[in-house]
Amino acid sequence: FIYVDKDCGDGKEGGRTEHNKFFFGMIKVLDAFHLILRIGREIEIQHGRKALFMTQLSRCIFIRSEDDAKRLKKAQEKVES
């Protein structure tokens, strides 16, 4: 699978998302970040619950790993000291 958005790269005909730029048999699908961006563009910025909705949507798609969070915190502390 190749995860892209239709406007990745230059977004023009022949750009990096063009079908002939990938290996034969690869399947192009929309990645999670671009999915969230596309949904966010459809909601009026003035909507009072947009931020809450987008946060909850992100939490539904991405699961936080406590082990990863601990390792990241250790790495940050190591860099800072």
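Q: Please clarify how the overall build of the protein should be interpreted in this entry.
A: Scanning the protein from N- to C-terminus turns up three helices and two strands. In the protein, the succession of α and β elements from N to C terminus is β-β-α-α-α. Expressed as a percentage of the 81 residues in the protein, the buried residues total 20%. Considering only contacts in the protein between residues 6 or more positions apart, those separated by 24 or more positions represent 48%. Accessible area of the protein: about 7300 Å², with a carbon and sulfur share of 57%.

Q: How should helix H2 (residues 50-61) be read in this particular structure?
A: Each turn of an α-helix holds 3.6 residues, which means side chains three or four residues apart point in the same direction. Along its twelve residues, H2 runs 17 Å from first to last C-alpha, staying within 8% of the 16 Å computed at 1.5 Å per residue. Summarising the contacts, the buried residues of H2 are in contact with helix H1 (32-42).

Q: It is not clear to me how the pattern of salt bridges should be interpreted in this structure. Could you clarify?
A: Between side chains of opposite charge, a pair can form when the charged atoms approach closely. Following the criterion strictly, the structure yields two salt bridges and no others. Arg71 is the partner of Asp68 in a salt bridge, and the nearest nitrogen-oxygen pair spans 2.4 Å. Residue Asp68 and its partner Arg71 are both found in helix H3 (residues 66-80); the two are separated by three residues, about one turn of the helix. Of the residues examined, Asp68 reaches a relative accessible area of 44% and is grouped as partly exposed.

Cut-offs used in this document
Residues numbered from 1 in each chain as written. Predicted model: local features only at pLDDT ≥ 70, side-chain atom pairs only at ≥ 80, totals over all residues. Heavy atoms only, no water. Helix = DSSP H or I, 4+ residues; strand = E, 2+ residues; numbered from the N terminus. Buried < 20%, exposed > 50% of the residue type's maximum accessible area, 1.4 Å probe, protein only. Contact = heavy atoms within 4.5 Å. Areas by Shrake-Rupley, 256 points an atom, 1.4 Å probe, with all protein chains shown as cover. Expected span 1.5 Å × (residues − 1). Salt bridge = Lys/Arg side-chain N within 4 Å of Asp/Glu carboxyl O.

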